[in-house]
Structure formats: C-alpha cells, structure tokens
Amino acid sequence: MAKILVTGGLGFIGSHSVVELQNEGFEVSIIDDLSNSSLSVLDGISKITGKVPNFHQFDLKDKSKVQTFFKANQDIKGIVHFAASKAVGDSVKQPLAYYENNVNPLIYLLQEAARLEQVSFIFSSSCTVYGQADILPITETAPIQTASSPYGSTKQIGETITRDTCERHTNVKAIALRYFNPIGAHKSAYIGELPIGTPQNLVPFITQTAIGIQKELAVFGNDYPTADGTCVRDYIHVVDLAKAHVTALQHLLNSKQSSHYDVFNIGTGQGRSVLEIITTFENVSNKTLPYTIVNRRSGDVASAYADTTKANTKLGWTATLPLHDAIQSAWKWQQKIVNK
Ligand code: UFG
C-alpha cells in the first residue's frame, strides 16, 4: 500500500487522519516537532489501529532535515500537510513567527515533492479565507476576502503556493481542504484535542468549564443578525474531517489527469449557533453549563457554514456523524484526560 507522509500527525486533526489512513491500509510516516502535541498521541493512535506509524521528530523549518527525510523516503506517494500554527489571536501578536512557521515548511515540502516522480499533496486550509461571505451557504467560488489575521493570511498564501506549484510541476497533484469548525474526538477517547493553556475554541472551552477547569463560558455577543443573536458556525466531527483527507488523497492517487489542483469545502452544511452548541452539550452531559453573554470578540464573523455540494459530488465525500456524537465524544475525551 502507498506510503504517506503526514506532517503534524500527532496534532488534533492530524492524529485522527493518521488513524483513518491506517484503517484504509496506507503506510504512514509522521513528522511532528511536538510543539503543540505529545508523544503519547502515538500510543493512542496505535491502540486504535494496532499499527505504530513511523515517527520522525523534527521542525519542518529546518530545511536540511526536510531534504534528508525525502532522500531516505523517495517512495512517498502522498503528503498530508497539517503542521502549522493555528491560533488566530496569537498570530496577530506574532505575525512573523506565523509566516515563518506556516509558509517556510510548505515551501520546503513542495520543493521536495516536485523532485519526486509523482506525488499527491493535501493542504490544510480554512473557511477563514472567505471572511464574512455575502451568500450562505458558502461555495468554493465565493470571493476570498482580505484576511483578518496573519493566520488567515498564511492559509490564503498557502493555497496560492500550492496551486502555483501544481501548475509548474505537473508531477505534483494537490487539493486544498477548507475546513469549517472541527470538533469532537475519536469515539474510543484514545485521541482528541489537547489545547495548550486556555482554549480559544468554543467546544474545548465548554468541556473544560463543565469539568471545572474554567469557571464559566463567555459567549461572545448575542446581538448578531442570526436567529438567536449568537454566531453561527458549521461544526464538523473531526472523524468526518479526517475521512475527507483520505477520500481527497485517494481521489488524487487515482486521478488520471496530468495536472491537478482543486479546493473543497469540508463541513456539514449546517449552521449552529453558540447557544445551540451549549444546549446540545447540556443534553449530552446532563449538566447545566454556567455562561454569561459578553461583548463580541474582535474578528468574529456572524455566520459561516458550508455548501458541500462540490465535495459530495466530485469527491463522493459527505459528513455523516451528527453534532450530538461530536459533542458526546468531546465530553468523553475531556473526562478521560482529566481523570488520567
Ligand atoms: N465562542 C464563544 N466563547 C468562547 C469561544 C468561542 O462564544 O470562549 C464563539 C465565537 O465567538 C464563535 C464560535 O464560538 O462565534 C466559534 O468560535 P471558535 O473559536 O471555536 O471558532 P472560530 O469560528 O472563531 O474559528 C475557527 C477556527 C479558526 C479559523 C476560523 C475561521 O478555530 O482556525 O474558524 O472562521 F480561522
């Protein structure tokens, strides 16, 4: 079976994708510098799949290490590139670190990819490229807005770099996946999200509040032009998202086209408000969640949810896991990591 490199394979989305790739029979090698992950994730992956992925710990900003890796691994057929910094607020505080971390490794990987005979490349992009779209649900043809953070900007630049590489080097085929809001964990609770410090994202903040790590959830604004006034997002189960990577990779590996670059939205197609997420969590956990409404968070858009027709029809991929399961798995994972 084809050998696949997964960068950032011990991270949240990366680890779930490694599991799904291994389940499909791929041989996986991971590169991760452990800057936002832990070696224990390797154990979690192996417990689920019964297979230990090859693991290489180094920083992809080290170009010579990237080159050495590829010299020894000329038989790589696919690269799924997750390794990147992802905190929007942080990126505003340290833009250069974000550009260095999210752009340089991508260039180094694509330089090596271009030297291989034939390789399929999946780039982790984000719905953040759309900003506040005028038309909902958002299709892939919606205009790309000026990025509202350096993080968002690195995703836009990353897509452009990947597209231009495919145009020039037809041995590199690529797909950029624009994720909406990934949540949840593997149902086994062997792997999940491990936020460092105070979580910035809604669901980990909710589960940490319910377990007593955080005092209460601050809901950022209830005066948005949405049904209940709170922001609307498209929350997708991380396992569905992981499967989208496998499907996209298989699509490229089987494609007979001589060159290939495409982008796909990966979401459920359903918008949910912050209050709906709280209610679902309360139903799943049988707990009352303490929260207060506070001011809007700067940079938040009112509503974003995907039109997934393109991924459904061209890739044959559809999100199947309900919101309830996603939140239940996140809660199970939270209880597991606290009681460890
Ligand atoms: N929210 C709260 N309280 C919190 C955290 C979040 O009310 O403590 C609200 C936010 O205001 C937003 C919603 O919950 O309305 C979701 O917020 P998240 O931070 O979980 O997710 P975002 O939609 O802001 O961000 C996600 C990804 C980013 C990506 C962005 C693109 O985390 O990587 O989508 O829109 F850039």
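Above this text you will find the structure in question.
(A) The site of the ligand, seen in detail. In the vicinity of the ligand, 19 residues are found, and the nearest of them are Leu 202, Ala 218, Arg 233, Arg 297 and Asp 300. In this structure, Asn 201 approaches the ligand through a side-chain N or O atom, which is 2.9 Å from an oxygen atom. Phe 220 places a polar main-chain atom, nitrogen or oxygen, 2.9 Å from an oxygen atom of the ligand. The element best represented in the shell around the ligand is strand S8 (residues 217–220), accounting for four residues. Here the shell around the ligand is composed, by residue class, of eleven nonpolar, five polar and three charged.

(B) A look at the nonpolar core. Judged by nonpolar contacts, the single largest core of 35 residues is most densely connected at Leu 21 and Ile 266. Listed by contribution, the elements that provide at least two residues to this core are strand S1 (3–7), helix H1 (12–23), strand S2 (27–31), helix H2 (40–49), strand S6 (172–179), helix H8 (238–254), strand S11 (260–266) and helix H10 (309–315). Judged by nonpolar contacts, the second largest core, of 24 residues, contains Leu 60, Val 66, Ala 113 and Val 172.

(C) Quick peek at the pattern of salt bridges. Using the criterion set out here, one finds eleven salt bridges in the structure. Between Asp 62 and Lys 65 there is a salt bridge, with the nearest N and O atoms lying 3.5 Å from each other. According to the relative accessible area criterion, Asp 62 is partly exposed, its value standing at 27%. Judged by its relative accessible area of 42%, Lys 65 falls in the partly exposed class. Between Arg 297 and Asp 300 there is a salt bridge, and its shortest N-O distance comes to 3.1 Å. Through salt bridges that share partners, Arg 233, Arg 297 and Asp 300 make up one connected network.

(D) Focus on the packing of aromatic side chains. Taken as a whole and judged by the stated rule, the model has three aromatic pairs. Residues Phe 69 and Phe 70 carry aromatic rings whose centres are separated by 5.4 Å and whose planes lie at 85 degrees to one another, so their mutual orientation is edge-to-face. Taking relative accessible area as the criterion, Phe 69 reaches 6% and is therefore assigned buried. Note on Phe 70: relative accessible area 0%, which makes it buried. Its guanidinium or amino end placed over the ring of Tyr 224, Arg 296 lies 4.0 Å from that ring's centre, counting from NZ or CZ. Note that Lys 310 overlies the ring of Phe 264, its terminal NZ or CZ placed 4.9 Å from the centroid.

Calculation notes
- Residue positions are given per chain, counting from 1 as you read along its sequence in written order.
- Per-residue local features are limited, in this predicted model, to residues with pLDDT of at least 70; the limit for side-chain atom pairs, both in listing and counting, is 80 or more; totals at the level of whole chains, interfaces and linings are taken over all residues.
- Excluded from the side-chain calculation are hydrogens and water; included are all heavy atoms of the structure.
- We call a residue near a molecule or strand as soon as one heavy atom of that residue lies within 4 Å of the molecule or strand.
- In the analysis that follows, any N or O atom pair within 3.5 Å is treated as a polar contact, provided that within protein one partner can donate a hydrogen and the other can accept it, and provided that, for residues neighboring in sequence, both atoms belong to side chains.
- Helix and strand definitions follow DSSP, with helices as H or I runs of at least four residues and strands as E runs of at least two, each counted in order from the N terminus.
- The nonpolar class holds Ala, Val, Leu, Ile, Met, Phe, Trp, Tyr, Cys and Pro. Asp, Glu, Lys and Arg form the charged class, and all remaining residues, Gly among them, are polar.
- The set of buried Ala, Val, Leu, Ile, Met, Phe, Trp, Tyr and Cys residues whose side-chain atoms join them within 4.5 Å is what this entry labels a nonpolar core.
- In this scheme, a residue with accessible area under 20% of its type's maximum is buried, one over 50% is exposed, and one in between is partly exposed, where area comes from a 1.4 Å probe on protein chains only.
- One side-chain nitrogen of Lys or Arg within 4 Å of one carboxyl oxygen of Asp or Glu is enough to make a salt bridge.
- Each aromatic pair joins two rings of Phe, Tyr and Trp (for Trp, the six-membered one) with centres within 6.5 Å, and gets the label stacked for planes under 30 degrees apart, edge-to-face for over 60, and tilted for any other angle.
- Working rule: Lys NZ or Arg CZ, within 6 Å of ring centre, within 35 degrees of ring normal, means a charge sits over the ring.

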